[in-house]
Amino acid sequence: MATTNDHPGELAAPDPVKLIGIRETPLSVDEVFRAVGDDAAGGTALFVGTVRNHDGGTDVDRLGYSCHPSAEAEMRRIAEKVVAEYPVRALAAVHRVGDLEVGDLAVVVAVSCPHRGEAFDACRKLIDDLKHEVPIWKHQSFSDGTEEWVGAC
């Protein structure tokens, strides 16, 4: 988005990647939201991915996430790519690994930018690229006794 205002707050922050992590413990929306607080940001977009109780028409009982040792570095690479494309003031992303139950938080990402449209676009790019490129795999256990592995990339 072109701007006629030369105020530094209209630009990306010098070091906007505030929090990147792979966690074995429950995730906190508050932690991620606090990480992207910035007085120059007029818009903050936050996405929370939760474990749902179904997939492909089959009931899901639980799932487990596992990741490659490079997953956190890949998350950072994707974050840097988003920062290069949008005027990000602050960005945070955390993903859970281990066994999760229906309703548990699996991923939380947030981006703050000078304006809401930029924040929405940057947040969507961040979560979409994380889901497609970071080596995190999901093992779903269905109510009918079947199981399925789903690769993130």
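Calculation rules
Residues numbered from 1 in each chain as written. Predicted model: local features only at pLDDT ≥ 70, side-chain atom pairs only at ≥ 80, totals over all residues. Heavy atoms only, no water. Helix = DSSP H or I, 4+ residues; strand = E, 2+ residues; numbered from the N terminus. Buried < 20%, exposed > 50% of the residue type's maximum accessible area, 1.4 Å probe, protein only. Contact = heavy atoms within 4.5 Å. Areas by Shrake-Rupley, 256 points an atom, 1.4 Å probe, with all protein chains shown as cover. Lys, Arg positive; Asp, Glu negative; His and termini not counted. Charge placed at Lys NZ, Arg CZ, Asp CG, Glu CD. Core = buried A, V, L, I, M, F, W, Y, C linked by side-chain atoms within 4.5 Å. Expected span 1.5 Å × (residues − 1). Arc of directions from axis to C-beta.

Peer 1: Any chance you could explain the overall build of the chain here in plain terms?
Peer 2: Helix and strand counts for the chain stand at three helices and nine strands. For the chain, the spread of C-alpha atoms along the three principal axes comes to 60 × 25 × 25 Å. The buried share of the chain, reckoned over its 153 residues, is 43%. Taking as baseline every contact in the chain between residues at least 6 positions apart, the subset at least 24 positions apart corresponds to 73%. In the form shown here, the chain has an accessible surface area of approximately 8,200 Å², with 49% of it arising from carbon and sulfur atoms. On the chain, the mean spot of the 15 positive side-chain charges and the mean spot of the 26 negative ones are 2 Å from each other.

Peer 1: Sorry if this is basic, but what is going on with the nonpolar core here?
Peer 2: Soluble globular proteins tend to bury their nonpolar side chains together. Counting residues in each nonpolar core, the largest one holds 32 residues, and the members touching the most others are V88, L91, V109, V111, L126 and L130. Of all the elements in the fold, those that place two or more residues in this core are β1 (17-23), β4 (58-67), α2 (71-85), β5 (90-96), β7 (105-113) and α3 (116-133). With sequence-adjacent residues up to four places away left out, L130 is seen in contact with M75, I78, A93 and V109.

Peer 1: What should I look at first to understand α2 in this one?
Peer 2: For the α-helix, the turn length of 3.6 residues means that residues three or four positions removed from each other point alike. End to end, α2 covers 21 Å across 15 residues, agreeing with the expected 21 Å (1.5 Å per residue, within 8%). If you check which residues of α2 are buried, you get A71, M75, I78, A79, V82 and V83. Buried residues of α2 fall within an arc of 145° about the axis and therefore sit on the same side. When the buried face of α2 is taken as reference, the exposed residues oriented beyond 90 degrees from it are A73 and A84. Elements that come into contact with the buried residues of α2 comprise β1, β4, β5, α3 and β8 (136-142).

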